[in-house]
Amino acid sequence: MSPDRVAHPQAVEPVPAPTGPGALRRSLRSAGTFATVVELVPWAGELGDTRGQKPLRMAADLAGDARITALSVTDNAGGHARLSPNAPGEALHALGHDVIVHVACRDRNRNALQSLGWDLLSRGLNTVLAISGDYPVEGYRGVSKPVFDVDSVALLALYRELGDAAAARAEADGLPEADSHRFLLGCAIDPVKRLERDLVPQYLKLALKARSGADYAITQVGYDARKWGELQAVLRRDKLALPVIANAYILDRGVARAFNAGRVPGCVVTDELLAIVEREATAPDKGRGFFLELAARQVVVARGLGFAGAYLCGHRSAQEIGRVLEIADAHDPADWRALMKDVSFGLPGAFHLFERDRDGVATDELAKGYRNSLTEGARLRARARVSPFYRFNRAVHQRVFEPGTPGFQAWGKVYGAIERYRVEKPLHVFEQAVKVPMYDCRDCGDCSLPDIAYLCPESHCQKNQRNGPCGGATDGMCEVPGHTCVWAEAYRRLKPYGEELTMLDRAPVIQDNDLRRTSAWGNTFLGRDHFATGSKAALSATAPAPAPARPALAPATPDPKPEKGPTA
């Protein structure tokens, strides 16, 4: 993708984006273009159901509109059962639209995702947004059991391989435009988080998604342009040439209340913004004019900050979508800085990575409090508060489970002998007697404890996320009530040791279910789990983005001397 996407933001007239099949791919590869993507949410029923007439009519009305780059179709958003995005996706494609099909891991195992990938390529629906998916909230005769066999990172790696193989076959067969048989892969990023331990892992996972095959990203719903600017600063700092499309959800009173109450994971409307929504909703038009203007101002600011496009959603008509774009185009492009304050509704007490200028735009200088927390003195003070249990885990791992150490080599010989004499069962029983009370182990056989600061993803993460956090966590808590976010806790454990910024500098972890109910210790020492060389080979098969020049978010200069003031 074009490195111009991460240039320092300037107020320039956007170049009109292309339209029609393949339009988003061409737009993201063209410097200066600004894409407009419109979301369509499927309904609970078949394609011809009357409930589908409104969104399909919107799609028909937008067909041929030169301002619209692509339409995007969600996949059981919010954990609700809806029509598969394939059916409306095909209908929209037949209307001449470029179509983004969302693919969630929540409802499908890896075989189903692979089959779906071939099906999408066969239908010409090769633009995908790969997501883990919201936790299910309903289902036939009870709540559906989630799958989460793999996560969005592994899905990106899978579809990158599928697409590359399809393009290679097309080229070998002499087909024209063989490159068009590859997937254009998107991912999600949520920059609107209150806590450092929620926010920084989001950016670390974004870099892993890029290395695993992502071609572009779309932000989660949020109304804090300062956080948008920080996302752009992260992309510049880490030299991550990944085009990002900014989400501009067109609110109404009911949706604003739902977002504010946290009923839709990862979507944020602050108390301050909700108070304005409640006031505006009493107007004769029930706030319609305000909601359209708010979305339009987000579009203007997104252009100014250097985003690759805007993602308009909110169950609206083609006329309302058009009105948002008309209002946005009526603004002078140079107005974006003045409009920053109108679309910056930050969470109270929110952590910020970077300092900001007088207009509220993030600079490339790390925020003072965060910068101070990275010094060796600050880390030493934090290390003094680390729990003895975590210290014990680190010591054992360094002496026994670290490849190349005498302990690892010795136990490899022990487990080799155990399997030769077929006496592994008693030791497996002993292993579970240790790990179940200590870690709530679920005996998966492909252990990720060392990946997540000795926290079990199967028992502690409701989505079994092994490659970083999903976007649904809030203030260190999982979107499923009563559970903490395992990755936020891992970040907190790793930071005193200076390891938090590199915790995802690795190949995607893809769990081997064939190892379930076997000894994870034996599989580690004998090279059968994901720590073996197979994971590195899997990563090299992807199409990685340019690697950061230094670890993500790390200071470019030596740590400054500790200063008085707040720490992150």
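Describe the packing of aromatic side chains, with residues and values.
With the rule as written, the count across this model stands at 16 aromatic pairs. With a centroid separation of 6.3 Å and an interplanar angle of 55 degrees, the aromatic rings of Phe-401 and Trp-521 are classed as tilted. Pair noted here: Phe-401 is in helix H15 (residues 388-401) and Trp-521 is in helix H20 (residues 520-525), with a separation of 120 residues, a long-range link. Measuring from ring centre to ring centre gives 6.2 Å for Trp-411 and Tyr-415, while their planes differ by 45 degrees; the resulting arrangement is tilted. Of this pair, Trp-411 and Tyr-415 both sit in helix H16 (residues 406-420), four residues apart, roughly one helical turn. Given a relative accessible area of 36%, Trp-411 falls into the partly exposed group. For Tyr-415, a relative accessible area of 3% gives the class buried.

Talk me through the packing of helix H6 (residues 196-212) against helix H19 (residues 486-494); I want residue IDs and the actual numbers.
Where H6 meets H19, the axes come as close as 9 Å, and the angle between the chain directions of the two elements is 95 degrees. Put simply, H6 runs roughly perpendicular to H19. Where H6 abuts H19, its residues Glu-196, Arg-197, Asp-198, Val-200 and Pro-201 lie against Ala-488, Tyr-491 and Arg-492. In the contact of H6 with H19, the residues fall into four nonpolar, no polar and four charged.

Describe the environment of Arg-182, naming the residues involved and giving the relevant values.
Mapping Arg-182 onto the fold places it in the loop between helix H5 (152-172) and strand E6 (184-189). Residues Arg-182 and Gly-32, spaced 150 residues apart in sequence, show a C-alpha to C-alpha distance of 24 Å.

Account for helix H9 (residues 271-280), with residues named and values stated.
Along an α-helix, a turn takes 3.6 residues, which lines up residues three or four apart on a common side. For H9, the full list of buried residues reads Leu-273, Leu-274, Ile-276 and Val-277. Taken down its axis, H9 places every buried residue within 160 degrees of arc, on the same side. In H9, the exposed residues that point more than 90 degrees away from the buried face are Asp-271 and Arg-279. Looking at the buried positions of H9, the neighbouring elements they touch are helix H8 (253-260) and helix H10 (288-305).

Give me the lowdown on the pattern of salt bridges, citing residues and values where you can.
Evaluation of the coordinates by the stated rule reveals 39 salt bridges. Of the charged contacts in the structure, one is a salt bridge between Lys-495 and Glu-196, with a shortest N-O distance of 2.6 Å. Note that Lys-495 is positioned in the loop between H19 and H20 and Glu-196 in helix H6, a separation of 299 residues in sequence. Judged by relative accessible area, which is 11%, Lys-495 ranks as buried. For Glu-196, a relative accessible area of 9% corresponds to the buried category. Between Arg-316 and Glu-320 there is a salt bridge; the shortest N-O distance is 3.0 Å. Judged on exposure class, the residue Arg-316 and its partner Glu-320 are both buried. One continuous salt-bridge network, built from bridges that share partners, spans Arg-29, Asp-164, Asp-179 and Arg-182.

For the layout of surface pockets, give the residues involved together with the corresponding values.
Taken as a whole, the second largest pocket holds about 1300 Å³ of empty space. Mapped by element, the contributors of at least two residues to the lining of the second largest pocket are H15, H16, helix H17 (424-439), H20 and helix H21 (533-540). When grouped by side-chain class, the residues that make up the lining of the second largest pocket number 29 nonpolar, nine polar and nine charged.

I'd like a rundown of the pairing of strand E2 (residues 33-40), residues and numbers included.
With eight of eight residues buried, E2 lies mostly within the body of the structure. Both faces of E2 are covered, namely the face carrying Thr-33, Ala-35, Val-37 and Glu-39 and the face carrying Phe-34, Thr-36, Val-38 and Leu-40. As paired strands, E2 and strand E9 (residues 309-313) are joined by four bridges and run parallel to one another. Residue pairing for E9: Val-37 is matched across the bridge by Tyr-311. Of the strand pairs in this sheet, E2 and strand E3 (residues 70-73) are connected by four bridges, and their pairing is parallel. Bridge pairing in E3 links Glu-39 to Ser-72. Crossover connection from E2 via helix H2 (residues 53-62) to parallel E3: handedness right-handed.

Outline empty space enclosed by the protein, listing residues and values.
According to the stated counting rule, one finds seven cavities of 30 Å³ or more in the structure shown. Of the pockets and cavities examined, the largest cavity occupies roughly 100 Å³. Taken together, 15 residues form the lining of the largest cavity, with Cys-461, Gln-465, Cys-470, Cys-478 and Cys-485 sitting closest to its centre. In the lining of the largest cavity, the residues fall into eight nonpolar, five polar and two charged. Computed from the structure, the second largest cavity encloses a volume of approximately 80 Å³. Surrounding the second largest cavity, 13 residues form its lining, Cys-441, Cys-444, Cys-447, Leu-449 and Cys-456 being those nearest its centre.

Cut-offs and rules
Residues numbered from 1 in each chain as written. Predicted model: local features only at pLDDT ≥ 70, side-chain atom pairs only at ≥ 80, totals over all residues. Heavy atoms only, no water. Phe/Tyr/Trp six-rings, centres within 6.5 Å; stacked < 30°, edge-to-face > 60°. Helix = DSSP H or I, 4+ residues; strand = E, 2+ residues; numbered from the N terminus. Buried < 20%, exposed > 50% of the residue type's maximum accessible area, 1.4 Å probe, protein only. Axes fitted to C-alpha atoms, helices over the stretch in contact; angles between N-to-C directions. Parallel < 35°, antiparallel > 145°, perpendicular 65-115°, else oblique. Contact = heavy atoms within 4.5 Å. Nonpolar A, V, L, I, M, F, W, Y, C, P; charged D, E, K, R; others polar. Arc of directions from axis to C-beta. Salt bridge = Lys/Arg side-chain N within 4 Å of Asp/Glu carboxyl O. 1 Å grid on protein atoms, 1.4 Å probe; cavity = no way out; pocket = protein on both sides within 12 Å on 5 of 7 lines; lining within 4 Å. Points joined across faces, edges and corners; volume = space filled by probe spheres on them. Pairing = 2+ DSSP bridges. Right-handed = clockwise from strand over helix to strand, strands pointing away.

Function cannot be read off these values alone, since they describe shape.
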